[in-house]
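Observations on the three-dimensional arrangement
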Amino acid sequence: MSVKVRFAPSPTGEMHVGNARVAIMNWLFARHSGGQFLLRMDDTDEARSTKAYEEGIMADLEWLGMDHDEFARQSDRYGRYDAGVEKLKADGRLYACYETPEELELKRKIQLGKGQAPVYDRAGFTLGDEERAKLEAEGRKPHWRFKLNDVAVEWDDLGRGSVHFEPGHLSDPVLIREDGRPLYTLSSVIDDGELGITHVIRGEDHVANTAVQVQLFEALGFAVPAFAHTPLMMGADGKGLSKRLGSLSLREMREAGTEPRAVMAYLAKLGTPHAPDGSETSADLARDFDIGAFGRSSPRYEPTELAALNAKVLHHLPLDEVQSRLGRLGLGTVSEEFWLAIRGNIEVISDALYWHDVCFGDIAPVADGEDRPFLNDAADLLPEGDWPQDVYKDWISKVKEASGRKGKQLFLPIRKALTGRDNGPELKDLLPLMGRERATERLKG
Ligand code: GLU
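Residues numbered from 1 in each chain as written. Predicted model: local features only at pLDDT ≥ 70, side-chain atom pairs only at ≥ 80, totals over all residues. Heavy atoms only, no water.

**With respect to the overall build of the chain**
Along the backbone of the chain there are 18 helices and 10 strands. Taking 2.2 N^0.38 as the reference for a compact globule, 445 residues should give roughly 22 Å; the C-alpha atoms of the chain span a radius of gyration of 31 Å, well beyond that estimate. Principal-axis analysis of the C-alpha atoms gives the chain an extent of 105 × 45 × 35 Å. Every one of the 445 residues in the chain was classed for burial, and the buried ones make up 46%. (Helix = DSSP H or I, 4+ residues; strand = E, 2+ residues; numbered from the N terminus. Rg over C-alpha atoms; globule rule 2.2 N^0.38 Å. Buried < 20%, exposed > 50% of the residue type's maximum accessible area, 1.4 Å probe, protein only.)

**Considerations on helix α3 (residues 82–90)**
Taken together, the buried positions of α3 are occupied by Gly84, Val85 and Leu88. Down the axis of α3, the smallest arc covering the buried residues is 100°, so these residues share one side. For α3, the exposed residues set more than 90 degrees away from the buried face come down to Ala83 and Ala90. Each element contacted by the buried residues of α3 is listed here: β4 (94–97), β5 (143–146), β8 (174–176), α6 (184–194) and α7 (207–219). (Arc of directions from axis to C-beta. Contact = heavy atoms within 4.5 Å.)

**Quick look at the packing of aromatic side chains**
Using the criterion set out here, one finds 9 aromatic pairs in the structure. Summarising the aromatic geometry, the rings of Phe289 and Phe294 are spaced 5.8 Å apart at their centres and angled 50° between planes, so their arrangement reads as tilted. When its relative accessible area of 8% is taken as the criterion, Phe289 is described as buried. Both rings, one in Tyr354 and one in Trp355, keep their centres 5.2 Å apart while their planes meet at 85°; by these two values the pair is edge-to-face. The exposure class of Tyr354 is partly exposed, given its relative accessible area of 21%. These aromatic residues form a ring-pair network of at least three members: Trp155, Phe165, Phe217 and Phe227. (Phe/Tyr/Trp six-rings, centres within 6.5 Å; stacked < 30°, edge-to-face > 60°.)

**Some thoughts on the UniProt feature "domain: Aminoacyl-tRNA synthetase class I anticodon-binding" (unreviewed entry) in the chain**
Within this structure's numbering, the places UniProt gives as "domain: Aminoacyl-tRNA synthetase class I anticodon-binding" (unreviewed entry) are residues 370–444. Here residues 370–444 is 71% helix and 0% strand, with 13 Å between the C-alpha atoms at its ends. (UniProt positions renumbered as here; feature names shortened; annotations may be inferred.)

**What to know about the site of the ligand**
Every residue close to the ligand is listed here: Arg6, Ala8, Ser10, Asp42, Tyr184, Ser188, Arg202 and His206. Between the ligand and the protein, one listed contact pairs an oxygen atom with a side-chain N or O atom of Arg6 at 2.7 Å. With respect to the detected pockets, the ligand is housed in the largest pocket. Split by residue class, the shell around the ligand holds 2 nonpolar, 3 polar and 3 charged. (Near = heavy atom within 4 Å. Polar contact = N/O pair within 3.5 Å; in protein donor to acceptor, adjacent residues only side chain to side chain. 1 Å grid on protein atoms, 1.4 Å probe; cavity = no way out; pocket = protein on both sides within 12 Å on 5 of 7 lines; lining within 4 Å. Sits in = over half its atoms within 2 Å of the grid points. Nonpolar A, V, L, I, M, F, W, Y, C, P; charged D, E, K, R; others polar.)

**What to know about the layout of surface pockets**
One number sums up the size of the largest pocket: a volume of about 1,300 Å³. In terms of lining residues, the largest pocket is bounded by 42 residues, among which Pro9, Ser10, Asn19, Asp205 and His206 are the most central. Counting residues per element, the ones that place at least two in the lining of the largest pocket are β1 (4–7), α1 (17–32), α2 (51–64), α6 and β9 (199–203). Looking at which element gives the most residues to the lining of the largest pocket, the answer is α1, with 5 residues. Grouping the amino acids of the lining of the largest pocket by side-chain chemistry returns 16 nonpolar, 15 polar and 11 charged. The calculated volume of the second largest pocket comes to roughly 260 Å³. Surrounding the second largest pocket, 14 residues form its lining, Asp362, Ile363, Arg438, Glu441 and Arg442 being those nearest its centre. Contributions of two or more residues to the lining of the second largest pocket are made by α17 (407–419) and α18 (427–444). (Points joined across faces, edges and corners; volume = space filled by probe spheres on them.)

**A short note on the packing of helix α15 (residues 372–380) against α18**
Packing of α15 against α18 brings their axes to within 8 Å, and their N-to-C directions diverge by 160°. Here α18 runs roughly antiparallel to α15, going by the angle between their axes. In this structure, the crossing between α15 and α18 has a hand that is left-handed. Here α15 contributes Arg372, Leu375, Asn376, Ala378, Ala379 and Asp380 to the contact with α18, which in turn contributes Thr440, Leu443 and Lys444. Class assignment for the residues of the contact of α15 with α18 results in 4 nonpolar, 2 polar and 3 charged. (Axes fitted to C-alpha atoms, helices over the stretch in contact; angles between N-to-C directions. Parallel < 35°, antiparallel > 145°, perpendicular 65-115°, else oblique. Left-handed = near helix turned anticlockwise from the far one by under 90°.)

**Here we look at the pairing of strand β6 (residues 153–157)**
Residues Val153, Trp155 and Asp157 of β6 are buried on one face, while the alternating residues Glu154 and Asp156, pointing to the opposite face, are not. In the sheet, β6 pairs with strand β7 (residues 161–165) via 5 bridges, with the strands oriented antiparallel. For Trp155, the partnering residue across the bridge sits in β7 and is Val163. Between the end of β6 and the start of β7, which pair antiparallel, lie 3 residues. (Pairing = 2+ DSSP bridges.)

**Points about the environment of Glu70**
Counting through the fold element by element, Glu70 comes out in strand β3 (residues 70–73). Side-chain polar atoms of Glu70 contact the side chain of Lys4, separated by 2.7 Å.

**Considerations on a negative patch on the surface**
On the surface, Asp357, Asp362, Glu437 and Glu441 cluster together into a patch of negative charge. Overall, the relative accessible area of 53% leaves Glu441 in the exposed class. (Patch = residues over 30% accessible without salt bridge, like charges linked within 9 Å, V, L, I, M, F, W, Y side chains within 5 Å. Areas by Shrake-Rupley, 256 points an atom, 1.4 Å probe, with all protein chains shown as cover. Salt bridge = Lys/Arg side-chain N within 4 Å of Asp/Glu carboxyl O. Lys, Arg positive; Asp, Glu negative; His and termini not counted. Charge placed at Lys NZ, Arg CZ, Asp CG, Glu CD.)

Following this line, the structure appears as structure tokens:
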């Protein structure tokens, strides 16, 4: 059986790391098995869904390098839900209900007050034609509920192991609103069924939905897909992510110059026993992907860990993979020598700007005080004429000999004068790039 999975965001907000993790799991699962990845916009909540959010989600996925094999939008598929609705009605599995939200709330309160589970009492199911006609004459419009079979629902979850729901613990879910629009519970099942989804990988907040949807797949005559529910990610503070965005949004990460490879590797490994080392391509991650490797507890998203991985990723990246982003920083024409010299010492791509100034522009002079004469002498020892690639080696040994300095005393003032910083890329790589004139000027102060 060929694998087909879907990522089904609701375009009602920006994508954050938690949604991205679910997308990544689905995408890697598909790519691992040579299957297909469907991107589906769950936009039946028309009041909250926007085109702008949809476009933002597409841009985020593209930025992460997750291509899709197929695209669907629920609002384009409204017509497709009718046949399923008719079938459920004909089979007596869909029944009209007339309670207002306030009436439902009251019922819940009474049940809770009696210590009962707040499960819908199926009042709508027992209404006769006359009662219905009377309610409609009052101007009430029905919403429609799916009649759950009173049997236990069980499935072997790829994330949680065996899951079991006893009958009677779930309310019959509303599938169709008063305005006639299908709700997610229904549209998702019809889409998954019609589009041939084999595995549904999603957050564990959907476990109860799954119990209902398993019955719905069956009632509609579809094969029930396999399910994997993944623990929801927490923030570093141990609280849920969904209501907070800010630096957790992919757009912000993208704009801050975070490496997509770092985000991908970090989220692909978070919650597994394996830590990324920054060298992983998405093909590597796909090859090694194992949905069974994720633990059962909620992993924490630690921005500091992502930042550290971001630096490691940069340390591995070849020039051609960063060239376009360097271009956006105004560094589109840098040489391979420059990139190889600096990549091991930057944490975010924009750090390249500083080292570009060190090599090819101006930096603020550093106060040097007592090292002045030493640096002057060092400048005078810089060789004339064209410099060989290894100019630094000969020069520094001459400076060492002439000054009698060694270790930190020798290297630190030189590094500071030449680069304006205490640490950074190897001077042997930077010196030939900055050239004689620039080096002289900085050493002479
Ligand atoms: N649109 C739903 C959500 O964002 C999809 C859930 C699912 O994967 O079925 O929660």
